[in-house]
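This is what each chain is made of:
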Amino acid sequence: EKSSCDLMLFGPAIALLHSVPRAPRTPGAALTASILGLADVSYRSVLYDFSQPDQLEEWERIDDVIMGGVSSSRLVVDGSSALFEGRLRSDGGGFCGQRMRLLAEPLDLSAADGVFVDCEALSVGAEPSKRVWKMAIRTKQDRGEVVYQAAFKPPTGGRATVNLPFDAFRLVRGPRLVPGVPPLSAAQTNETYQISLVVSKFEVSETGAALPGFEEGLFAMRLHELGTFSTRPPPFSRSMPRALSEREQAKAAPPLLRLLRPLLGLVFGEPTRRRRAATRLLEARGSSRLQRARLGWAWRAAAGGPLVAARKTAALGLKDAGGFALSLPVRLLFKLIVWSSKMVKTIIRALTLLAEERKEGGPAANAASA
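Since the model is a prediction, treat every value here as computed from it, not as a measurement.

> Describe the side chain of glutamine 149, listing the residues and the values that go with them.
Summarising the element assignment, glutamine 149 is placed in strand 9 (residues 147-152). Looking at glutamine 149, the relative accessible area reads 10%, which means it is buried. Look past the residues within four positions of glutamine 149 in its chain and what remains in contact with it is Lys134, Met135, Ala136, Ala168, Phe169, Arg170, Val172 and Val204.

Following this line, the structure appears as structure tokens:
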């Protein structure tokens, strides 16, 4: 019998929510819950109204599959709000996220004091306090990582607004906080290209340690609005720049990456990584290669019959063989680079020792010749 874990790893669908109570949308009903006591917020500017389905198209998921994990998430319309929902897995990663698509032009947020999210963490899976919830701001358009993060506690038991001042955001590299760097300032947000929402097992710290008591499994957060707040009226009305299309984002990638993308997708694509993760899980359970092959055949046959199972099995075999053949030169090149690096280090170490021996033996040799 298939477990929910097996379905997550092998199947394309995500076992998520089906019946979540909807929060009433009453004008002025949202409460204010600031993590730093900023209850006196007079002006808010909404960037995204999640009751509008077309605005969800301007967001994309950024889960741990990019680093070999098997977590999954999605952002879907649910009545007058949106649901950020999914399943967190520790194996190979441990985070899920949704982010704005990269903007064609920067968004100037420097007139604001911070960003807010009108949301509610739902009682799905583990308690919300067993995960780390973060917001991230990206202030650079290219592939360089200039990302600031701030952790927050989403409200439970009802809809509320969380205000995050800009100085609550700290520069990070991956899950690790970069030490010695000042917090984000309002002036630095004059060129904002992305805002992200993340749920993770990693705390915002210099070590990037996991949250004590972290629990994997299903999660869900209802989103109503996301925008900026200020204690003074904004000097101008703000309009959202156009989001780049997938084609435009791919075109903006470096030439080498564009050239290698088909190969990288074949060898390191999400379906391939999920199959590998599933294989590791079944190996840990003591299954043999033959048992795994029979299990895969049974699932494919149950979904579409023997002919479909044969076609999919043959396609997977050809894909694996092609990926191995195409990746072989890359693997050999990587091994050559590693071997060359070790050789260079060995030569440098030998030359250093030789220089030290000559330096120590120099005076004795000079005395003997005298």
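Still to come is the rest of the account.
> For the confidence of the model for the protein chain, give the residues involved together with the corresponding values.
Atomic detail in the predicted coordinates should be set aside for any region of low pLDDT. Across the protein chain, pLDDT averages 79, with 77% of residues at or above 70. Per-residue pLDDT, averaged within each element of the protein chain, yields its smallest value for strand 1 (residues 31-32) (36) and its largest for strand 7 (residues 114-121) (96). Within the model, the stretch residues 1-39 combines pLDDT values under 50 with 90 contacts to residues more than four positions away or in other chains.

> Kindly report on the sheet that holds strand 8 (residues 132-138), identifying the contributing residues and their values.
Strand-to-strand pairing in sheets goes through backbone hydrogen bonds, with the strands running parallel or antiparallel. One open sheet holds the 7 strands; their spatial order is 3-6-13-8-9-11-12, and the pairing between them is antiparallel. Looking at which strands have only one partner, the edges of the open sheet turn out to be strand 3 (59-61) and strand 12 (176-177). Bridge count between strand 3 and strand 6 (residues 95-100): 3 bridges; the pairing is antiparallel. Across the sheet, arginine 61 pairs through a bridge with glutamine 98, a residue of strand 6.

> Can you break down the pairing of strand 7 residue by residue, with the values?
With 8 of 8 residues buried, strand 7 lies mostly within the body of the structure. Here strand 7 shows a buried face lined by Gly114, Phe116, Asp118 and Glu120 and a second buried face lined by Val115, Val117, Cys119 and Ala121. Looking at chain direction, strand 7 and strand 10 (residues 160-165) are connected through 6 bridges and run antiparallel. Note on strand 10: the bridge partner recorded for glycine 114 is proline 165. Bridge count between strand 7 and strand 14 (residues 217-230): 8 bridges; the pairing is antiparallel.

> So, helix 6 (residues 289-304): which residues are in play, and what are the values?
In this model helix 6 runs 23 Å from its N-terminal to its C-terminal C-alpha over 16 residues, within 8% of the 22 Å that 1.5 Å per residue would give. By the burial criterion, the buried members of helix 6 are Arg292, Gly296 and Trp299. Looking straight down helix 6, one finds that the buried residues subtend no more than 65° of arc, so they occupy a single side. Facing away from the buried side of helix 6 by over 90 degrees, the exposed positions are Leu290, Arg294 and Ala302.

> Can you explain the pattern of salt bridges? Please cite residues and give values.
For the structure shown, the criterion picks out 9 salt bridges. One salt bridge in this structure joins aspartate 78 and arginine 222, with 2.9 Å as the shortest N-O distance. Note that aspartate 78 is positioned in strand 4 (residues 72-78) and arginine 222 in strand 14, a separation of 144 residues in sequence. Of the two residues, aspartate 78 and arginine 222, neither departs from the other in class, the shared state being buried. Where aspartate 118 meets arginine 159, a salt bridge forms, and the shortest distance between an N and an O atom there is 2.6 Å. Separated by 41 residues along the polypeptide, aspartate 118 in strand 7 and arginine 159 in the loop between strand 9 and strand 10 bring together distant segments of the chain. With respect to class, aspartate 118 is no different from arginine 159; both count as buried.

> How would you sum up the environment of proline 234? Please name residues and give values.
Topologically, proline 234 is positioned in the loop between strand 14 and helix 3 (246-251). For proline 234, a relative accessible area of 42% translates into the label partly exposed. Through-space distance from the C-alpha of proline 234 to that of alanine 111 is 6.2 Å; in sequence the pair is 123 residues apart.

> Help me get a handle on a positive patch on the surface, residues and values and all.
A cluster of basic residues, Arg276, Arg280, Arg331 and Lys335, forms a positive patch at the surface. If you list the elements that add at least two residues to the positive patch, you get helix 5 (270-284) and helix 7 (306-369). Topologically, arginine 276 is positioned in helix 5. Classification of arginine 276 by relative accessible area gives partly exposed; the value is 37%.

> Break down the pairing of strand 6 for me, citing the residues and quoting the values.
Extensive coverage of strand 6 is indicated by the burial of 5 of its 6 residues. Where strand 6 meets strand 13 (residues 194-200), 5 bridges bridge the pair, whose relative direction is antiparallel. Each bridged residue has a counterpart across the sheet, and for arginine 99 the counterpart in strand 13 is serine 196.

> Outline the nonpolar core, listing residues and values.
Of all hydrophobic cores here, the largest spans 42 residues; its most connected members are Phe50, Met135, Phe169, Ile195, Leu223 and Leu226. Those residues within four positions of leucine 226 in sequence are excluded, and the remaining contacts are Val46, Leu47, Tyr48, Phe50, Trp59, Phe116, Val117, Met135, Ile195 and Leu197.

> Residue-level account of the side chain of glutamine 194, with values.
Tracing the backbone through its elements, the reader meets glutamine 194 in strand 13. Within polar-contact distance, the side chain of glutamine 194 engages the backbone oxygen of methionine 100 at 2.9 Å. Apart from residues no more than four positions distant in its own chain, glutamine 194 is found in contact with Glu60, Arg99, Met100, Arg101, Leu102, Ala136, Ile137 and Arg138.

Conventions adopted
- Positions within a chain are numbered from 1, following the residues in the order the chain's sequence is written.
- In view of the model being predicted, local features appear only for residues whose pLDDT reaches at least 70, and side-chain atom pairs are presented and counted only at 80 or more, with totals across whole chains, interfaces and linings using the full set of residues.
- To obtain the side-chain values, all non-hydrogen atoms of the structure were included, while hydrogens and water were left out.
- Helix numbers and strand numbers start at the N terminus; a helix is a DSSP run of H or I with at least 4 residues, a strand a run of E with at least 2.
- Here's how the labels work: a residue is buried when its accessible area is under 20% of the maximum for its type, exposed when over 50%, partly exposed in between, all with a 1.4 Å probe on protein chains only.
- By definition in these notes, contact holds between two residues if any of their heavy atoms fall within 4.5 Å.
- Known as pLDDT, the predictor's confidence for each residue is given on a scale from 0 to 100.
- When DSSP finds two or more bridges between a pair of strands, those strands are recorded as paired.
- Helices are assigned an expected span. That span is 1.5 Å times one less than the residue count.
- Here, the arc refers to the directions that run from the helix axis to the C-beta atoms.
- The term salt bridge refers to a side-chain nitrogen of Lys or Arg lying within 4 Å of a carboxyl oxygen of Asp or Glu.
- Only residues whose relative accessible area exceeds 30% and that form no salt bridge enter a patch; like-charged residues are grouped when within 9 Å of one another, and nonpolar side chains (Val, Leu, Ile, Met, Phe, Trp, Tyr) when within 5 Å.
- Note that accessible areas follow from Shrake-Rupley with a 1.4 Å probe, and for residues the cover is restricted to the protein chains shown.
- Working convention for charge: Lys and Arg count positive, Asp and Glu count negative, and His plus the chain ends are omitted.
- One atom stands in for each charge, and that atom is NZ of Lys, CZ of Arg, CG of Asp or CD of Glu.
- Side-chain atoms within 4.5 Å are what join buried Ala, Val, Leu, Ile, Met, Phe, Trp, Tyr and Cys residues into a set we call a nonpolar core.
- Two N or O atoms form a polar contact when they lie within 3.5 Å of each other; inside protein one atom must be a possible hydrogen donor and the other a possible acceptor, and for residues adjacent in sequence the pair counts only when both atoms belong to side chains.

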